[in-house]
Amino acid sequence: MRHSVFTIEVCARLDVGPQLLDALRPIVQGAPEHVTRDEAWRRHSAAADVLLQYIEVIERGCWEYFDDEARAKWMFDDWTRPVIDRQIPRQGPSGAPGYRDAAPRYLTFTMVYLLARDSPSDLELRRVCQISGEELWRKSTFRRLLQAVRTLSFGSVKADSMYLIPRDHDWGFTAEDLAAQTYDYLRPLIAD
Amino acid sequence: MSERPLRQDARVDEPGLVGARWWQDSVIDPVGRRHTILTLLAVGVGLGVAGLAIDACEPTKKSRLGALDLQRKYGWSFGAATESLVFNGQSTQPFDRSRLSWMVADFTPRVAAHRPFYVQTLFESPTALPTAVSEGDPTPIPSLKDALQPIFTNGMRDLFKWVQANVDVLAAVAGAALVVDLDGQDAVAFAAAASSRFDPVFLFDNWPHPHGVVPAHLALAAAAYYQPMFAAAAAASQGSAQPAPMFVLDRQRLATYTDSATQFDNRWVARMPGVQALRTLGIKRLLYVGPAANSRELDDLNDDFVTDHIAGISISLIDVPTLDALQLGNQLGVNYVPVARRSLFSSGIAGGGRPTPPEFGSVPVVLSLVGGTLLGVAWSRSGTWNRGWGG
């Protein structure tokens, strides 16, 4: 079987929309070790719904679709490395934004899928990912991609992952954290 | 199928990160492999658009590096580590794989004066081991020695017979050297059959690659088939008269390179001895062996041949295997006059230096903006390499 990989990652203002973290956390934490395809779909669909609901506080993002066999597997491993290798970006808390601390805080949420290439879900994602250059970083594009996540069939998903950074409010990214070159891939999104 | 087919294989639940990963074994392949291959072209246009989107995500830059240098460092199948070579015409004869370790030695010219012109690059490839692992290749690349299979095609067989029948006629031409310029496997078959009367000087200057423009693996596979014969010829020649050189080239070396997104540019140009070197070897005539009637020299030989001709070295064109003995004798009597022509690989000026296209023999790669680390080949698309915080 050949594979493709689809990933979407968003970066949202944690200080402006703290409810987003509270809404996403149980979706990730609550998943049991063994799940049915329907349960998997519900979990990912719920996460996509939450992100769509909070799209206004999402400021940056990145997505990719990749269908070369070797690259698909390698990229899936690479995207899921934070979970596999427990790569936690911050070594300590950044502090919760408070009344006397107006500095912004951020979260990132990532969904990764290794799909059976040419399966109905893969073909649909491939179609949705045909996006012109000037549309790449529009929020409308991310909205469209998140809606595509809701249509995935987990009969076509070989493996998947989702992760949320941070889990706790006082461990959010600071603006200085995200200014590092390693986060250049998270591009500012253009409002519609 | 189990009731709960997705199983968790990793989980993190820390203040700074919460997440998990799931796998399932029961996904059904939607289409057979053959059908998938046949449909690749049909979806190519759409994939190109998606690829554009993905490129925009990267904190990386693209560059080009020498194909052979990359293969030597990262492995022969650099950028395509999980893909394999296809050996059409695979031989069923017994095969001693350990003998591949001796390829460089077994194909060395027997005459010491010919050895400076021997290009052993291709014969180094089976046993070469990479010194580094590219981030883009999921696993370290194993030795080519384990993937190589000898071939013996009908074309090789027919050519071998023709040469056996006619090699004495060729060897009878005084002061003549052969320049064998046939497709790799045929060139090797020709050299094997002629090795009793000529000293093979191989000029193969590349390595095989699964996406290679030049199917160098076929030349190498043919060499593996005939290797015992070359070794035996070398052993038998000890102390005998010195045969004339036979320069052996792969006619696919300048194969058309159209798509850097899917092809690996393992092309090369011929490195023939210059006029002075030919004179020193006693060469007064070049017999250029091509595959069809009036096969003129490939572009990369044009400047050399024009210069050789001006310097008084005559040239004849030999077409194989279309000639019978009588026709061969007639053709040996015809002098070929090379005309300077301008191309990507020839200057068009008598005595001019040979040009090469600016990106010849190189491969597009993706480099990290941080430190310039090589991340992989820039095939049809690339991802957000160097993303993340873990190193």
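Residues numbered from 1 in each chain as written. Chains lettered and ligands numbered in written order. Predicted model: local features only at pLDDT ≥ 70, side-chain atom pairs only at ≥ 80, totals over all residues. Heavy atoms only, no water.

## Regarding the overall build of chain A
Logical step 1: A tally of helices and strands in chain A yields seven helices and seven strands.
Logical step 2: Mapped in sequence order, the helices and strands of chain A form the string β-α-β-α-β-α-α-β-α-α-β-β-α-β.
Logical step 3: Considering chain A as a whole, with its 192 residues, one finds that 59% of them fall into the buried category.
Logical step 4: On chain A, roughly 7,100 Å² of surface is accessible, and the fraction owed to carbon and sulfur atoms is 49%. (Helix = DSSP H or I, 4+ residues; strand = E, 2+ residues; numbered from the N terminus. Buried < 20%, exposed > 50% of the residue type's maximum accessible area, 1.4 Å probe, protein only. Areas by Shrake-Rupley, 256 points an atom, 1.4 Å probe, with all protein chains shown as cover.)

## Comments concerning the overall build of chain B
Logical step 1: Of the regular secondary structure elements, chain B holds ten helices and twelve strands.
Logical step 2: Looking at chain B as a whole, 53% of its 391 residues qualify as buried.
Logical step 3: Long-range pairs, those at least 24 residues apart, make up 78% of the contacts in chain B between residues at least 6 apart in sequence.
Logical step 4: Accessible area for chain B stands at about 16,400 Å²; split by element, carbon and sulfur atoms hold 53% of it. (Contact = heavy atoms within 4.5 Å.)

## What about the sheet that holds strand 7 (residues 285-290) of chain B?
Residues and elements named next belong to chain B.
Logical step 1: Across the sheet, five strands lie side by side as 5-6-4-7-8; this open sheet has parallel pairing. With partners counted over all chains shown, the strands left at the sheet margins are strand 5 (198-202) and strand 8 (314-319), one partner each. Each strand of the sheet is rotated relative to its neighbour by a mean of 25°, with strand direction disregarded. (Pairing = 2+ DSSP bridges. Axes fitted to C-alpha atoms, helices over the stretch in contact; angles between N-to-C directions.)

## Here we look at unusual backbone geometry
Residue and element names in this part refer to chain A.
Logical step 1: Of note, the amide linkage connecting Ile165 to Pro166 takes the cis form, showing an omega dihedral of 5°.
Logical step 2: Tracing the chain through its elements places Pro166 in the loop between strand 5 (157-165) and strand 6 (173-174).
Logical step 3: A positive phi angle, near 50°, is found at Arg86, a position not held by glycine.
Logical step 4: With respect to the helices, strands and loops of the structure, Arg86 is situated in the loop between helix 4 (81-84) and strand 4 (105-116).
Logical step 5: Assessed through its relative accessible area of 41%, Arg86 is described here as partly exposed.
Logical step 6: Of note, Asp118 is a non-glycine position whose phi angle comes to about 75°, a positive value.
Logical step 7: Residue placement: Asp118 occurs in the loop between strand 4 and helix 5 (120-128).
Logical step 8: The buried category is assigned to Asp118, whose relative accessible area is 13%.

## Some thoughts on the packing of aromatic side chains
Logical step 1: On inspection of all chains with the given rule, the structure shows 21 aromatic pairs over all chains.
Logical step 2: Plain terms: the ring middles of Phe123 of chain B and Phe202 of chain B are 5.3 Å apart, the flat faces sit at 90° to each other, and that makes the pair edge-to-face. A residue pair is termed long-range when its members are at least 10 positions apart, and Phe123 of chain B in helix 4 (residues 121-124) and Phe202 of chain B in strand 5 qualify at 79 residues.
Logical step 3: Using a relative accessible area of 1% as the deciding quantity, one classes Phe123 of chain B as buried.
Logical step 4: The buried category is assigned to Phe202 of chain B, whose relative accessible area is 1%.
Logical step 5: The side chain of Arg43 of chain A reaches across the aromatic face of Trp22 of chain B, ending 3.7 Å from its centre.
Logical step 6: One residue, Arg253 of chain B, lies across the ring of Trp268 of chain B, its end atom 5.8 Å from the ring centre. (Phe/Tyr/Trp six-rings, centres within 6.5 Å; stacked < 30°, edge-to-face > 60°. Lys NZ or Arg CZ within 6 Å of the ring centre and 35° of its normal.)

## With respect to the confidence of the model for chain B
Parts of the prediction with low pLDDT should not have their coordinates interpreted in detail.
Residue and element names in this part refer to chain B.
Logical step 1: With 82% of its residues at a pLDDT of at least 70, chain B reaches an overall mean of 82.
Logical step 2: Throughout residues 31-56 the model reports pLDDT below 50, and contacts reaching past four residues in sequence, or to other chains, amount to 39 contacts.
Logical step 3: For residues 380-391, every residue scores under 50 in pLDDT, and the model assigns this stretch 55 contacts once sequence neighbours within four places are set aside.
Logical step 4: Among the prediction metrics, the complex's ipTM stands at 0.96, with pTM recorded as 0.59. (pLDDT = per-residue confidence, 0-100.)

## Quick notes on the pairing of strand 1 (residues 6-14) of chain B
Logical step 1: Relative to strand 1 of chain B, strand 2 (residues 34-35) of chain A runs antiparallel, the two being bridged by two bridges. When the sheet's bridge partners are listed, His34 of chain A is paired in strand 1 of chain B with Arg7 of chain B.
Logical step 2: By the bridge criterion, seven bridges tie strand 1 of chain B to strand 2 (residues 17-23) of chain B in an arrangement that is antiparallel. Among the inter-strand pairings, Gln8 of chain B is bridged to a residue of strand 2 of chain B, identified as Trp22 of chain B.
Logical step 3: Taken together, strand 1 of chain B and the strand that follows it, strand 2 of chain B, pair antiparallel across an intervening segment of two residues.

## Re the pattern of salt bridges
All names here are of chain A.
Logical step 1: Applying the stated criterion across every chain, the model contains 30 salt bridges over all chains.
Logical step 2: The shortest N-O distance in the salt bridge between Arg117 and Asp118 comes to 3.8 Å. Judged on exposure class, the residue Arg117 and its partner Asp118 are both buried.
Logical step 3: Between Glu124 and Arg127 there is a salt bridge, and its shortest N-O distance comes to 2.7 Å. Here Glu124 pairs with Arg127, and both are found in helix 5, just three residues apart, close to one helical turn.
Logical step 4: On the basis of relative accessible area, Glu124 is assigned to the partly exposed category, the value being 28%. (Salt bridge = Lys/Arg side-chain N within 4 Å of Asp/Glu carboxyl O.)

## Observations regarding the side chain of Arg25 of chain A
Residues and elements named next belong to chain A.
Logical step 1: Along the chain, the position of Arg25 falls in helix 1 (residues 18-29).
Logical step 2: Residue classification places Arg25 among the buried residues on the basis of a relative accessible area of 16%.
Logical step 3: Not counting chain neighbours up to four residues away, the residues in contact with Arg25 comprise Leu164, Arg167 and His169.

## Details of the environment of Ala81 of chain B
Logical step 1: Among the structural elements, Ala81 of chain B can be located in the loop between helix 2 (67-74) and helix 3 (103-106).
Logical step 2: Along the primary structure Ala81 of chain B and Pro140 of chain B are separated by 59 residues, whereas in three dimensions their C-alpha atoms are 7.7 Å apart.

## Overview of helix 1 of chain A
Logical step 1: The first and last C-alpha atoms of helix 1 of chain A sit 17 Å apart over twelve residues, in line with the 16 Å expected at 1.5 Å per residue.
Logical step 2: Buried residues of helix 1 of chain A: Leu20, Leu21, Leu24, Arg25, Ile27 and Val28 of chain A, and no others. For helix 1 of chain A, the angular spread of buried residues about the axis comes to 165°, placing them on one side.
Logical step 3: Buried residues along helix 1 of chain A sit in contact with strand 1 (3-13), helix 2 (37-53), strand 4 and strand 5 of chain A together with strand 1 and strand 2 of chain B. (Expected span 1.5 Å × (residues − 1). Arc of directions from axis to C-beta.)

## A short note on the packing of helix 2 of chain A against helix 6 (residues 139-149) of chain A
Residue and element names in this part refer to chain A.
Logical step 1: The interhelical angle for the contact between helix 2 and helix 6, taken along N-to-C directions, is 160°, at an axis separation of 8 Å. The angle between the axes of helix 2 and helix 6 places the two elements in the roughly antiparallel class. Crossing angle aside, the handedness with which helix 2 passes helix 6 is left-handed. Of the residues in helix 6, those touching helix 2 at His44, Ala48, Leu51 and Leu52 are Arg143, Leu146, Gln147 and Val149.
Logical step 2: In terms of residue class, the contact of helix 2 with helix 6 is built from five nonpolar, two polar and one charged. (Parallel < 35°, antiparallel > 145°, perpendicular 65-115°, else oblique. Left-handed = near helix turned anticlockwise from the far one by under 90°. Nonpolar A, V, L, I, M, F, W, Y, C, P; charged D, E, K, R; others polar.)

## Thoughts on the nonpolar core
Logical step 1: Among the nonpolar cores identified, the biggest contains 85 residues, and Phe123, Phe190, Phe202 and Phe204 of chain B are the most heavily contacted of them.
Logical step 2: If one sorts the elements of this core by residue count, helix 7 (residues 216-236) of chain B sits on top with ten residues.
Logical step 3: The next biggest cluster of nonpolar side chains, apart from the first, holds 50 residues, and it includes Leu21, Leu24, Phe109 and Phe154 of chain A. (Core = buried A, V, L, I, M, F, W, Y, C linked by side-chain atoms within 4.5 Å.)

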